[in-house]
Protein chains: 2
Amino acid sequence: MIEETPKIPQATSKRLPLYYRFLQNFANLGKKRVSSSELSEAMKIDAATIRRDFSHFGALGRKGYGYDVHYLVEFFRQILDQDEGTDVALIGVGSLGSAFLKYNFHKNHNTRIVVAFDPKAPAEGKMLSGIPVFHPDTISEKIVELGIDLVILTVPSRVAQDVTDKLIKAGIKGILNFTPVRLTAPDEVRVHTIDLSVELQTLIYFMKNDVKNSQL
Amino acid sequence: MIEETPKIPQATSKRLPLYYRFLQNFANLGKKRVSSSELSEAMKIDAATIRRDFSHFGALGRKGYGYDVHYLVEFFRQILDQDEGTDVALIGVGSLGSAFLKYNFHKNHNTRIVVAFDPKAPAEGKMLSGIPVFHPDTISEKIVELGIDLVILTVPSRVAQDVTDKLIKAGIKGILNFTPVRLTAPDEVRVHTIDLSVELQTLIYFMKNDVKNSQL
């Protein structure tokens, strides 16, 4: 259906997984058509933004008709490469890591944690929430063996950079970083940092200064 | 020192807590001056972006000298209202909520969880990681009593909107939402959503499509 992915703005890219999920919801409800205002209402995103985002993918909707839900779901599935599952390794099984193991992205069947590493695990590994947890000594070997290129990092700050260096040597291409450390990584490795203190402080700042509202 | 907070772009606003934390680090290391390139190196943010951000606050630096660390820390502290502590309520003590209770933003002394709510807690409350956890029946009463206007929401999706409605009635002004639900809230209530599946899918999309790199 799609020959190649068009070049689209970063802000639009960040909303794609959200569009995909909401369109799936509409499809699951048996809805065949959806208007930008219905999507706007459900997603709390401005309808004009939705129309502008969708325009980057060509003429996906028609005036007075709206968007074809099935077509859009297929379209976004392909854009997001949802057909291809992604195996993820969890690095560090402390309290936050354990929460992620339990949660394991149930809603998102194509992305899942398949292995975890923690210094408290024995060399031969142990099972936790149905996922094997190994000692970090085997990290490089297992990551290569399992062909993993994405990790969730929930280790203590003091070891975050060392662990990152090791992961990069093992061929990791993406890190979802939950430590407050700003990691050093080569350009070809994508690091996305979610620092809970910073998120909270930003929210407080926005509350106090009445920065224009939007679901960030 | 500052009469009123200048109007600054949203993208700049989102970096303020990060600037504040890194400048504190420099101050703690006994550093008196810092250049935009040193900050850039530490924070993995483009030096030009830092200079542009700082320019919104007036002439804070001088060519060939750099920025005065103590002055900047004081400046950002006031901008961020760090002198004023913020008490936070945690709503929902499942595995993710428990992790937040343990973590409790240790690095950020002015923001802390002071109370939590969970249906498994007895009416009279119980202590968990040193924080009182109460039954949600008392939520409105306690929030008013403690003067809390910010919550971290880690409840199951199916109750997220109901709980939100209750919190808004109790006077909450900000919600850090960790559920995948896009919450409906009036304009004066700020909702910041961190959806782990979406964050992961976005990272995967960026990895596959080589969207211009930056620590997001």
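On a predicted model such as this, the values are computed, not experimentally measured, just so you know.

**Q** An account of the confidence of the model for chain A is requested, with residue identities and associated values reported.
**A** Residues and elements named next belong to chain A. Per-residue pLDDT for chain A averages 84, and the proportion of residues at 70 or more is 87%. For the stretch residues 1-5, pLDDT sits under 50, and the model shows 10 contacts to residues farther than four places along the chain or on other chains. Between residues 212-216, whose pLDDT stays under 50, and residues either more than four places distant or in other chains, the model counts 21 contacts. Scored as a complex, the prediction yields pTM 0.72 and ipTM 0.70.

**Q** Before we move on, could you go through the sheet that holds strand S7 (residues 131-134) of chain A and cite the residues and values that matter?
**A** All names here are of chain A. One open sheet accounts for 7 strands, arranged S6-S7-S5-S4-S8-S9-S10; its pairing is mixed. The outermost strands of the open sheet, each flanked by one partner alone, are strand S6 (126-128) and strand S10 (190-193). Put simply, the sheet's adjacent strands are angled 30 degrees from each other on average, direction ignored. Bridge count between S6 and S7: 3 bridges; the pairing is antiparallel.

**Q** Requested: an account of the sheet that holds strand S4 (residues 86-91) of chain B, with residues and values cited.
**A** Across the sheet, which stays open at both edges, the 7 strands sit in the order S6-S7-S5-S4-S8-S9-S10 (chain B) with mixed pairing between neighbours. Only two strands of the sheet have a single partner each, and these edge strands are strand S6 (126-128) and strand S10 (190-193) of chain B. Ignoring which end each strand starts from, the neighbouring axes of this sheet average 30 degrees apart. Contacting S4, strand S5 (111-117), strand S8 (150-153), strand S9 (174-177) and S10 of chain B, helix H8 (residues 196-209) of chain A crosses the sheet at an angle of about 155 degrees to S9(B). Here helix H6 (residues 139-146) of chain B sits on the sheet and contacts S4, S5, strand S7 (131-134) and S8 of chain B; the angle it forms with S5(B), its principal contact strand, is near 155 degrees.

**Q** Before we move on, could you go through the relation of the copies chain B and chain A and cite the residues and values that matter?
**A** Here chain B sits on chain A after a turn of 180 degrees about the axis and a move of 0.0 Å along it, with an RMSD of 0.1 Å. On the angle and the small slide along the axis, the relation comes out as a two-fold axis. Taking C-alpha positions as reference, the residue of chain B nearest the rotation axis is B:Leu96, located at 3.2 Å. A share of 100% of interface residues in chain B that are also interface residues in chain A marks the association as one of identical surfaces.

**Q** A description of the pairing of S7(B) should follow, citing residues and the corresponding values.
**A** Regular strands place their side chains on alternate faces of the sheet. Residue and element names in this part refer to chain B. As paired strands, S5 and S7 are joined by 2 bridges and run parallel to one another. Each bridged residue has a counterpart across the sheet, and for Phe-117 the counterpart in S7 is Phe-134. Between the end of S6 and the start of S7, which pair antiparallel, lie 2 residues, with Ser-129 showing a positive phi angle near 50 degrees.

**Q** Describe in detail the pairing of S8(B), supporting the description with residues and values.
**A** All names here are of chain B. Across the two faces of S8 the burial is the same, with Leu-150 and Ile-152 and Val-151 and Leu-153 all buried. Of the pairings in the sheet, the one linking S4 to S8 comprises 4 bridges and is parallel in character. The residue bridging Val-88 from the neighbouring strand is Leu-150, located in S8. The pairing of S8 with S9 spans 4 bridges and is parallel. Within the sheet, the bridge partner assigned to Ile-152 lies in S9 and is Leu-176.

Reading the values: the criteria
- Residues numbered from 1 in each chain as written.
- Chains lettered and ligands numbered in written order.
- Predicted model: local features only at pLDDT ≥ 70, side-chain atom pairs only at ≥ 80, totals over all residues.
- Heavy atoms only, no water.
- pLDDT = per-residue confidence, 0-100.
- Contact = heavy atoms within 4.5 Å.
- Pairing = 2+ DSSP bridges.
- Helix = DSSP H or I, 4+ residues; strand = E, 2+ residues; numbered from the N terminus.
- Axes fitted to C-alpha atoms, helices over the stretch in contact; angles between N-to-C directions.
- Least-squares fit on C-alpha atoms with pLDDT ≥ 70 in both.
- Buried < 20%, exposed > 50% of the residue type's maximum accessible area, 1.4 Å probe, protein only.

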